[in-house]
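Below, each chain spelled out in residue letters.
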Amino acid sequence: MNHQLRVYNDIFEMLPSEENPSPLVRINRLNPAPEFALYAKLEWMNPFGSVKDRAAWAMLRDLEERGELGNGRGLVEPTSGNTGISLAALARARGYHLRAVVPNKVPLEKKILLKIAGAELDVVSDELCPAPGLGDGSINLAKTHAKASSHRYVMPNQYENEKNVEAHLRTTGPEIWRQTEGRITHLFVSLGTCGTATGTARFLRGQNPRLKVIAVQPTEGHDVPGLRNLSQLDVSRLFDRSLIDDLLEIDYKLAYTRALELCQTEGLLAGPSSGLILEGARRILERDRAGLGVMIFSDNVFKYTANMVKHIPALAAGTQA
Amino acid sequence: MANYAHPEVLVETDWVKNNLGNPGIKLVEIDVDTKAYDAGHVPGAVGFNWQTQLQDPVRRDILTQDAFDKLVGGAGISPADTVVIYGDNNNWFAAYGFWLFKLYGHKDARLMNGGRVKWLNEADKPLTTERPNPTPVAYKAAAPNNALRALVPEVLEASRTGKCNLVDVRSPDEFTGRVIAPSGMSETAQRGGHIPGAKSIPWNTAVQPSGAFKTADELRAIYLEQKGVDPKKPAIAYCRIGERSSHTWFVLKYLLGFDQVKNYDGSWTEYGNLIGAPIEK
Ligand SMILES: Cc1ncc(COP(=O)(O)O)c(C=O)c1O
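As the structure is a prediction and not an experimental result, all values here were calculated from the model. (Residues numbered from 1 in each chain as written. Chains lettered and ligands numbered in written order. Predicted model: local features only at pLDDT ≥ 70, side-chain atom pairs only at ≥ 80, totals over all residues. Heavy atoms only, no water.)

## What to know about the overall build of chain A
Part 1 of the argument: Tallying secondary structure elements over chain A gives 9 helices and 10 strands in all.
Part 2 of the argument: In terms of overall size, chain A behaves like a compact globule, its C-alpha atoms giving a radius of gyration of 19 Å where 321 residues would be expected to give roughly 20 Å.
Part 3 of the argument: Looking at chain A residue by residue over its 321 residues, the buried ones come to 60%.
Part 4 of the argument: A separation of at least 24 residues holds for 72% of the contacts in chain A among residues at least 6 apart in sequence.
Part 5 of the argument: When the accessible area of chain A is evaluated, it comes to approximately 13,000 Å², of which 49% is carbon and sulfur surface.
Part 6 of the argument: A gap of 1 Å separates the mean positions of the 38 positive and 37 negative side-chain charges of chain A. (Helix = DSSP H or I, 4+ residues; strand = E, 2+ residues; numbered from the N terminus. Rg over C-alpha atoms; globule rule 2.2 N^0.38 Å. Buried < 20%, exposed > 50% of the residue type's maximum accessible area, 1.4 Å probe, protein only. Contact = heavy atoms within 4.5 Å. Areas by Shrake-Rupley, 256 points an atom, 1.4 Å probe, with all protein chains shown as cover. Lys, Arg positive; Asp, Glu negative; His and termini not counted. Charge placed at Lys NZ, Arg CZ, Asp CG, Glu CD.)

Written as structure tokens, this is what we have:
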């Protein structure tokens, strides 16, 4: 493995670490406060295209080390897409199978990608009638497979697995600390399983107790794949409210319009969850005026063309002869 | 148990676990998501499919007495057996199945409190993909007990006279007509809204976060005091296709002890399509 020449013996060596961090790129034209240096950490530069490479790898390694995989036993996981894509590709490259349980509202591109990456799909219609005690349909179905067919499946369970937090504690946090030479003052994250927020914030807080952590969440009834509104967060055991200074609820439509602005003015082909973070960061920059902020941009826009058109119908104009 | 009027129709997950393999106790799983049973079920449980097995395949109706005999007898269930029913979505279709068992006169039917989610989330409760192989028995159902089932004429009369509580258990958006059905549901109607005079009490008001039913005191406070259901009058519960209303029918009849409660299984997919039926929004 040679990070300088970027020559690797296998795809696993390319996974991010302090020696091989995902890039930080400064935001220029969309920064509303010139005294505030704002950076995006481009997680889509990871080998399988998203921040979830980190958690997937940490969970898979842990299961391997504990002898939970192999001899026909693979993985089952509820996933909105990114974890599944990383897990499927990693698992198949190591000789295991993955069954991904996905809510029906996940974009078609992601479902097809999951299959291309080698996952077997189980699609559940998730929002029949929200009710107490039901939990999440995809989580319940994955748990059912893991319990009823434990000889075939083990469930990493990204919503409860401490390795999801540890991945960011060991990689994302130290990378950012080193890349900013310890000057980071603000961390901007979005919340899905909360592994990214909790692990990264826990590490950076340990380095700088005055670090501000800002988490964004889309408004209720949102359509931002990968993210959860506060009302949906109780499924995640990894959420640690004490690490978060500001929890901003933002109109989810802005996730799409800000993502488009990132694409068209910064050259950052960012997906909607990154758009939502940018909106949150701009609000905090206007309030705090000075500092050094890092936004975790989880994935790029390529998986979301259908969602982008749905929320920005003008994108469809002029696409037919 | 929690001061219910008829506690004998509700069993806890621990009770079911302790009775696994007991030959007089038959387990039946009925789900909204018909894939769930195949993915894993309580050992020994048979699975009934509400779409293909609990309805008449040709005309719109519940399965006939004859079909009920074949289905239940084919599952190895005798009239003297204790039938324990459970399912997903906090027992929506399990309650519908329970209603059918009662309608056809089965003596000892019960619901498993909390349904499949509660079982799934308890570490000591096993699941299997193995299907039981029951020996068919002869089952002879009673003629349908129409005291448990409301049909259109009495629904219209209840609305017109106010002599009977009408309980709409759908979501508030369905009640007001903002939507005709929850998103993703294929059975729908020509019109949205609710039956004039109906009270909106969404079915899930009756369950706690674990998925189990609230206590009788809590239920009484909600249904009688807050929502004003009159215990001196009969009651009819309805929803969209009769499954969520079975859940509330169960609450009113067995947990609160209302004497005369009917499930209107035609529900909104019938009422919202009737020419000339009065609708409120
Ligand atoms: C696009 C996208 N953004 C953000 C997140 C949130 O990351 P985390 O699950 O670590 O909270 C996810 C995770 O699923 C994601 O897929």
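## Quick look at the packing of helix H1 (residues 52-65) of chain A against helix H2 (residues 82-93) of chain A
All names here are of chain A.
Part 1 of the argument: Put simply, H1 and H2 touch, their axes get as near as 8 Å, and they point 50° apart. Taken together, the axis directions place H1 and H2 in an arrangement best described as oblique. Note that H1 runs across H2; the crossing there is right-handed. Contacts from Lys52, Asp53, Ala56, Trp57, Met59 and Leu60 of H1 reach H2 at Asn82, Thr83, Ser86, Leu87, Leu90 and Ala91.
Part 2 of the argument: Partitioned by chemical class, the residues of the contact of H1 with H2 number 7 nonpolar, 3 polar and 2 charged. (Axes fitted to C-alpha atoms, helices over the stretch in contact; angles between N-to-C directions. Parallel < 35°, antiparallel > 145°, perpendicular 65-115°, else oblique. Left-handed = near helix turned anticlockwise from the far one by under 90°. Nonpolar A, V, L, I, M, F, W, Y, C, P; charged D, E, K, R; others polar.)

## So, unusual backbone geometry
Both trends apply: most residues other than glycine have a negative phi, and most peptide bonds are in trans.
Part 1 of the argument: Of note in this structure, asparagine 71 of chain A is not a glycine but carries a positive phi near 55°.
Part 2 of the argument: The topology assignment puts asparagine 71 of chain A in the loop between H1 and strand S3 (74-78).
Part 3 of the argument: A positive phi is found at asparagine 90 of chain B, a non-glycine position, where the angle reads about 50°.
Part 4 of the argument: Here asparagine 90 of chain B falls in the buried class, since its relative accessible area comes to 2%.

## Re helix H5 (residues 162-179) of chain A
Residue and element names in this part refer to chain A.
Part 1 of the argument: An ideal rise of 1.5 Å per residue puts 26 Å on 18 residues; H5 measures up with 25 Å between its terminal C-alpha atoms.
Part 2 of the argument: Most pronounced at leucine 169, the bend in H5 amounts to some 35°.
Part 3 of the argument: All of the buried residues in H5 are Asn164, Val165, Ala167, His168, Thr171, Thr172, Gly173, Pro174, Glu175 and Ile176.
Part 4 of the argument: Tucked into the core, H5 has its buried residues touching strand S2 (36-42), H1, strand S7 (186-190), helix H6 (195-207) and strand S10 (291-297). (Expected span 1.5 Å × (residues − 1). Bend = angle between axes of the 7 residues up to and from the residue.)

## Points about the site of the ligand
Residue and element names in this part refer to chain A.
Part 1 of the argument: Near the ligand lie 16 residues; those nearest to it are Lys52, Gly192, Thr193, Cys194 and Thr196.
Part 2 of the argument: Contact between the ligand and threonine 193: an oxygen atom at 2.6 Å from a side-chain N or O atom of the residue.
Part 3 of the argument: Protein chains shield 97% of the accessible area of the ligand, which is 390 Å² for the free molecule.
Part 4 of the argument: Partitioning the shell around the ligand into residue classes produces 5 nonpolar, 9 polar and 2 charged. (Near = heavy atom within 4 Å. Polar contact = N/O pair within 3.5 Å; in protein donor to acceptor, adjacent residues only side chain to side chain.)

## Let's talk about the packing of helix H7 (residues 253-266) of chain A against helix H8 (residues 272-288) of chain A
Residues and elements named next belong to chain A.
Part 1 of the argument: Following both chains from N to C, one finds H7 and H8 inclined at 90°, their axes separated by 7 Å at the closest point. Between H7 and H8, the angle falls in the class roughly perpendicular. Along its contact with H7, which presents Leu254, Ala255, Tyr256, Arg258, Ala259 and Leu262, the element H8 presents Pro272, Ser274, Gly275, Leu276, Leu278, Glu279, Arg282 and Arg283.
Part 2 of the argument: Of the residues that constitute the contact of H7 with H8, the class distribution is 8 nonpolar, 2 polar and 4 charged.

## Some remarks on the environment of arginine 287 of chain A
All names here are of chain A.
Part 1 of the argument: Within the element layout of this structure, arginine 287 appears in helix H8.
Part 2 of the argument: The exposure class of arginine 287 is partly exposed, given its relative accessible area of 44%.
Part 3 of the argument: Linking arginine 287 and alanine 33, residues 254 residues apart in sequence, is a C-alpha distance of 9.3 Å.
Part 4 of the argument: What arginine 287 contacts, discounting residues up to four positions off in sequence, is Lys212 and Asp246.

## Quick word on the pairing of strand S8 (residues 212-218) of chain A
All names here are of chain A.
Part 1 of the argument: Here S8 lies mainly inside the structure; 6 of its 7 residues are buried.
Part 2 of the argument: Examined bridge by bridge, S7 and S8 share 5 bridges and lie parallel to one another. Paired with valine 189 across the strands is alanine 215, a residue of S8.
Part 3 of the argument: Of the strand pairs in this sheet, S8 and strand S9 (residues 246-250) are connected by 5 bridges, and their pairing is parallel. Across the sheet, the residue bridging to valine 216 is leucine 248, located in S9. (Pairing = 2+ DSSP bridges.)

## Considerations on the domain arrangement of chain B
Residue and element names in this part refer to chain B.
Part 1 of the argument: Domain assignment breaks chain B into domain 1 (7-144) and domain 2 (147-271).
Part 2 of the argument: Computed from C-alpha atoms alone, the centre-to-centre distance between domain 1 and domain 2 is 23 Å.
Part 3 of the argument: On the domain 2 side, the residues contacting the 21 residues of domain 1 number 24 residues.
Part 4 of the argument: Counting each side, the surface lost to burial between domain 1 and domain 2 is near 2,000 Å², with a carbon and sulfur contribution of 69%.
Part 5 of the argument: Sorting the residues of domain 1 by area buried against domain 2 places Arg60, Trp92 and Trp99 first, and these three jointly supply 32% of that buried surface.
Part 6 of the argument: Close ionic contact of aspartate 61 with arginine 149 constitutes a salt bridge, the shortest N to O distance being 2.7 Å. (Domains from an automatic or database assignment. Buried area = accessible area lost by both parts, 1.4 Å probe. Salt bridge = Lys/Arg side-chain N within 4 Å of Asp/Glu carboxyl O.)

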